[in-house]
Amino acid sequence: MNKVLQIEDMHGKLCVLGDDIQGAFLSYYQDLLGTHTATDPSIFSIPKSKSPGTDGFNSQFYRDAWDIVGEEVCAAIADFFSTGKLLNQINSTVITLIPKVDRPTSVKHFRPISCCNVIYKLISKILCTRLALILPDIISQNQGAFVKGRSILENILICQDLVRLYSRGMASPRCMFKLDLQKPYETIEWPFVAQMLEALNFPIRFRTMVMTCITTTSYSLNLNGASFGYFKGRRGLRQGDPISPLVFCICMEYLSRVLMYATDKWFFRYHPLCKSLKLTHLLFADDLLTFCKGETQSIMLLLRALATFSATSGLRVNATKSEVVFNGVTQCPDGIFEISGFTEAKRRGGGGLGIKEAGVWNVAMVGKLVNWIYTKADRLWVLWIDHVYMKGLDWDTYHPPQDSNWNWRNICKVRGLLSGGFHGNQWVADPKGYSISSGYQWLQGSHPFVPWYKDVWNDWNVPKQAFIAWLICRQALNTRVKLSQFGVVDTNNCVLCEGGLETLSHLFADCAYSQQILAGLENWLQKKLLIRTGNCSKVQTQVVSLTRTIYWYTIWMERNQCRLELKLRCPAQVIRLIQQHVQSRVKQKLKEIVQSRDMQWLSSIDINV
């Protein structure tokens, strides 16, 4: 099923032969990982005040970490840590391509996962162990991911408070950028990594070992069960190398310090909630939020800082996936969208149709704190709670005093809501332990499976048509019979034929007008439209389901037009309209080679893929 039979190369050319497909992938990843872009070293300047010591480490660090390698490790590892040299064979990497979309059609639709060999991973893990000890002292608190002792949950909570007030119409002017970095691991420049390690005062021997691991890479590709190609790396960090996330954190620290420097100007205005903390951004691994007051000069300073970061690091902001959110701004500042290339984010209301219930999700998030107490996590906050409140009492039966902290009382309330999911100190709802998603699912309870779910909510259906289908499947469409129950209409008769009560079954199956359209579509498809059949392939089932959704939507639109405007197209016109919609959508979705029997059937209904 995962075999790639055809693919578009980086220039949009379709490749269908085996050698051409391999060449398309090889050319793409040679260009991505086997080349480098010149960066501007003149603007690289980082204050050294945050370095933990004169050489980057204190004596305790050396005592704790430098003797990790023992005499029993294999010769290759021992040789690396004594000489700093790494055999090319040890750092050869096979790239496995993981599809990022259901139906990949381009070489860009795959995520490259580097499969490093075991000896290299041992070396990388040892370096990670050393590096992890020092990162909390170097990396700004804006970064919550991959830094020991920090939780990305903190940034999420801050972000929720920031966006919460964006729904208020009378708020003071404010602006937020939601930024997406374009292939951040693959495009980061090696000289920039080396400069960062030096600027943060890492010892030269440690810098040499890290850069040796990064710069001696070579790649081959694994596709359709075979490996091919061989090229040397020229830039990028490998997804799959244990040290890559930590090195990436170090590189993103440059962005934090550039933003700190740029926003220290007297004419910069902070986001109204962030002024006292001088907070300008939050980092979620490779995702980024920046915020400021909603005025041109402050926004331009943020954009200049981002441009400086891009010119130095090689990382680029993906403008097509980045958005700007304004609030309290009567008119968007001039030129912002033209300069940045970003789009203005559309606000989304909340509730219904797969949107998480905010209240329940919030309880599940607080459940993370409850779980820490259950498992006696090695955290300062847990020690604080035991020292100040619980004093060794049993967590299951504990009741907070009335004069205790408001937050603590609410955490205890959440404990009561989640207590059924814990047995002893273990979260039994998920064998992997407590997570926010598992807590949310447990609080929501089980929901009965509905057989029509995939027919309605799939990427073939247009959302507005899927919404009508969803209402029909839930018996919630406002037909005349339904509206008459509330006294909204005076008659129950069908708008289309005036020959029966306007129920769902009559409107879409029994109405004389709808029956003509239904018969024409079934004759065209050579399949039943409203009855499931078991002799259809996956493609045929999908096309029939798509046609059914468009049929429902079109009949409902014809009904509304007839009721409101007294206009009604003849069945033949409606049949042709539905056919055109189906043909257009299928051609759009089916860009891959389908089975021969599907090709023959699609051709019979005038769809040439």
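Above this text you will find the structure in question.
Residues numbered from 1 in each chain as written. Predicted model: local features only at pLDDT ≥ 70, side-chain atom pairs only at ≥ 80, totals over all residues. Heavy atoms only, no water.

## As for the overall build of the protein chain
Argument step 1. When helices and strands are counted, the protein chain shows 23 helices and 13 strands.
Argument step 2. Every one of the 609 residues in the protein chain was classed for burial, and the buried ones make up 47%.
Argument step 3. For the protein chain, the proportion of contacts with a sequence separation of at least 24, taken over those separated by at least 6, is 67%. (Helix = DSSP H or I, 4+ residues; strand = E, 2+ residues; numbered from the N terminus. Buried < 20%, exposed > 50% of the residue type's maximum accessible area, 1.4 Å probe, protein only. Contact = heavy atoms within 4.5 Å.)

## Concerning the packing of aromatic side chains
Argument step 1. Evaluated as defined, the whole model comprises 25 aromatic pairs.
Argument step 2. Geometrically, the ring pair formed by Phe422 and Tyr434 is stacked, given 6.3 Å between the ring centres and 15° between the ring planes. Remark: Tyr434 occurs in the loop between strand E13 (426–427) and helix H15 (436–444) and Phe422 occurs in strand E12 (residues 422–423); sequence separation between them is 12 residues. Here Phe422 matches Tyr434 in class, with each residue buried.
Argument step 3. Taken together, the aromatic side chains of Tyr374, Tyr389, Trp395, Tyr398, Trp408, Phe422, Trp427, Tyr434 and Trp442 make up a single cluster linked through ring pairs.
Argument step 4. Directly above the aromatic system of Tyr120 lies the positively charged group of Arg238, at a separation of 4.6 Å from the ring centroid.
Argument step 5. Of note, Arg415 hangs over the ring of Trp395, and the distance from its end group to the ring centre comes to 4.7 Å. (Phe/Tyr/Trp six-rings, centres within 6.5 Å; stacked < 30°, edge-to-face > 60°. Lys NZ or Arg CZ within 6 Å of the ring centre and 35° of its normal.)

## Let's talk about the side chain of Ser106
Argument step 1. Its place among the elements puts Ser106 in the loop between strand E3 (92–99) and strand E4 (110–115).
Argument step 2. For Ser106, a relative accessible area of 9% gives the class buried.
Argument step 3. Excluding residues that lie within four positions of it along the chain, Ser106 makes contacts with Ile7, Glu8 and Asp9.

## Brief notes about helix H12 (residues 358–374)
Argument step 1. In this model, H12 (17 residues) spans 24 Å end to end at C-alpha, consistent with the 24 Å of a helix rising 1.5 Å per residue.
Argument step 2. The sharpest bend along H12 reaches about 25° and sits at Lys368.
Argument step 3. Within the sequence span of H12, burial applies to Val360, Val363, Ala364, Met365, Val366, Gly367, Val370, Asn371, Trp372, Ile373 and Tyr374.
Argument step 4. Immediately beyond the C-terminal end of H12, within one or two residues, lies Lys376, with a positive phi of roughly 55°. (Expected span 1.5 Å × (residues − 1). Bend = angle between axes of the 7 residues up to and from the residue.)

## Remarks on helix H4 (residues 118–138)
In an α-helix, one turn spans 3.6 residues; hence positions three or four apart end up facing the same way.
Argument step 1. With 21 residues, H4 ought to run about 30 Å at 1.5 Å a step, and its terminal C-alpha atoms sit 29 Å apart, in line with that.
Argument step 2. Remark: the principal bend of H4, roughly 35°, maps to Ala132, with a proline, Pro136, within the next four residues.
Argument step 3. Inspection of H4 places Tyr120, Ile123, Ser124, Ile126, Leu127, Cys128, Arg130, Leu131, Ile134, Leu135 and Ile138 among the buried residues, and these make up the whole buried set.
Argument step 4. A distance of 3.1 Å separates the backbone nitrogen of Ile119 from a side-chain oxygen at the start of H4, and that oxygen is part of Asn117. (Polar contact = N/O pair within 3.5 Å; in protein donor to acceptor, adjacent residues only side chain to side chain.)

## Side note on the sheet that holds strand E9 (residues 287–293)
Argument step 1. The five strands lie next to each other as E8-E9-E5-E10-E11, forming an open sheet whose pairing is mixed. Lying at the two open borders of the sheet, with one neighbouring strand each, are strand E8 (281–284) and strand E11 (343–344).
Argument step 2. Across seven bridges, strand E5 (residues 174–180) lies against E9 in antiparallel orientation. Residue pairing in the sheet places Met176 in a bridge with Phe291 of E9.
Argument step 3. This element, helix H10 (residues 296–313), spans E5, E9 and strand E10 (323–327) of the sheet and lies at about 150° to E9. (Pairing = 2+ DSSP bridges. Axes fitted to C-alpha atoms, helices over the stretch in contact; angles between N-to-C directions.)

## So, unusual backbone geometry
Where the residue is not glycine, phi is negative for most of them; where a peptide bond is considered, it is trans in most cases.
Argument step 1. In this structure, Asn201 is a non-glycine residue whose phi angle is positive, near 65°.
Argument step 2. Among the secondary structure elements, Asn201 is positioned in the loop between helix H7 (190–199) and helix H8 (204–215).
Argument step 3. In this structure, Lys391 is a non-glycine residue whose phi angle is positive, near 50°.

## Side note on the pattern of salt bridges
Argument step 1. Here the structure, examined in full by the defined rule, presents seven salt bridges.
Argument step 2. Notably, a salt bridge pairs Arg548 with Asp455, separated by 3.6 Å at the nearest N-O pair. On the criterion of sequence distance, the pair formed by Arg548 in helix H21 (residues 538–565) and Asp455 in helix H16 (residues 453–456) is long-range, its members being 93 residues apart. As far as burial versus exposure is concerned, Arg548 and Asp455 are alike and both buried.
Argument step 3. A salt bridge links Glu565 to Lys567, with the shortest nitrogen-to-oxygen separation between them at 4.0 Å. (Salt bridge = Lys/Arg side-chain N within 4 Å of Asp/Glu carboxyl O.)

## Let's talk about the pairing of strand E7 (residues 226–232)
Argument step 1. Where strand E6 (residues 218–223) lies against E7, five bridges are found, and the strand directions are antiparallel. Residue pairing in the sheet places Tyr219 in a bridge with Phe231 of E7.
Argument step 2. Where E6 folds back on E7, the antiparallel hairpin that results is connected by two residues, among which Asn224 adopts a positive phi of roughly 55°.

## Observations concerning the sheet that holds E7
Adjacent strands of a sheet form backbone hydrogen bonds with each other and so pair up, either parallel or antiparallel.
Argument step 1. What the four strands build is an open sheet, ordered E4-E3-E6-E7; its pairing is mixed. Both edges of this open sheet fall to E4 and E7, since each of them pairs with a single strand only. This sheet shows a mean twist of 30° between the axes of neighbouring strands, independent of strand direction.
Argument step 2. With respect to the sheet, helix H1 (residues 18–33) is in contact with E3, E4, E6 and E7, its orientation differing from that of E7 by roughly 30°.

## So, a nonpolar patch on the surface
Argument step 1. Taken together, the side chains of Leu14, Val16 and Leu17 present a nonpolar region at the surface, about 290 Å² in accessible area.
Argument step 2. Among the structural elements, Val16 can be located in the loop between strand E2 (14–15) and H1. (Patch = residues over 30% accessible without salt bridge, like charges linked within 9 Å, V, L, I, M, F, W, Y side chains within 5 Å. Areas by Shrake-Rupley, 256 points an atom, 1.4 Å probe, with all protein chains shown as cover.)

## Topic: the nonpolar core
Argument step 1. Membership of the largest hydrophobic core comes to 69 residues, with the highest contact counts inside it found for Leu127, Leu131, Phe177, Phe202 and Ile250.
Argument step 2. Ranked by residue count, the leading element in this core is helix H9 (residues 244–262), at 12 residues.
Argument step 3. Counting 45 residues, the second largest nonpolar core, distinct from the first, contains Leu507, Leu525, Val543 and Ile555. (Core = buried A, V, L, I, M, F, W, Y, C linked by side-chain atoms within 4.5 Å.)

## Here's the deal with the packing of helix H17 (residues 463–473) against H21
Argument step 1. Packing of H17 against H21 leaves a shortest axis separation of 9 Å and a crossing angle of 85°. By the angle between their directions, the pair H17 and H21 is classed as roughly perpendicular. Along its contact with H17, which presents Lys464, Gln465, Ala466, Ile468, Ala469, Ile472 and Cys473, the element H21 presents Thr549, Ile550, Trp552, Tyr553 and Trp556.
Argument step 2. Looking at the contact of H17 with H21 residue by residue, the classes come out as nine nonpolar, two polar and one charged. (Parallel < 35°, antiparallel > 145°, perpendicular 65-115°, else oblique. Nonpolar A, V, L, I, M, F, W, Y, C, P; charged D, E, K, R; others polar.)

## Notes on the side chain of Thr187
Argument step 1. Residue position: Thr187 is located in helix H6 (residues 184–187).
Argument step 2. A polar contact of 3.5 Å, which involves the side chain of Thr187, links it to the backbone oxygen of Gln182.
Argument step 3. Look past the residues within four positions of Thr187 in its chain and what remains in contact with it is Leu32, Gln182, Arg235, Gly236, Ser313, Gly314 and Leu315.

## Considerations on the state of the cysteines
Argument step 1. Tallying each qualifying case throughout the model produces zero disulfides.
Argument step 2. No disulfide involves Cys494; its sulfur sits 3.8 Å from the nearest other cysteine sulfur, which is in Cys497. (Disulfide = S-S within 2.5 Å.)

## Digging into the environment of Glu502
Argument step 1. In this structure, Glu502 sits in the loop between helix H18 (480–484) and helix H19 (504–510).
Argument step 2. Sequence separation of Glu502 and Thr491 is 11 residues, and the distance between their C-alpha atoms is 9.3 Å.
Argument step 3. Ignoring anything within four residues of it in the chain, the contact list for Glu502 reads Thr479, Arg480, Val481, Asn492, Asn493, Cys494, Val495, Leu507 and Arg559.
Argument step 4. Side-chain polar atoms of Glu502 contact the backbone nitrogen of Arg480, separated by 2.7 Å.

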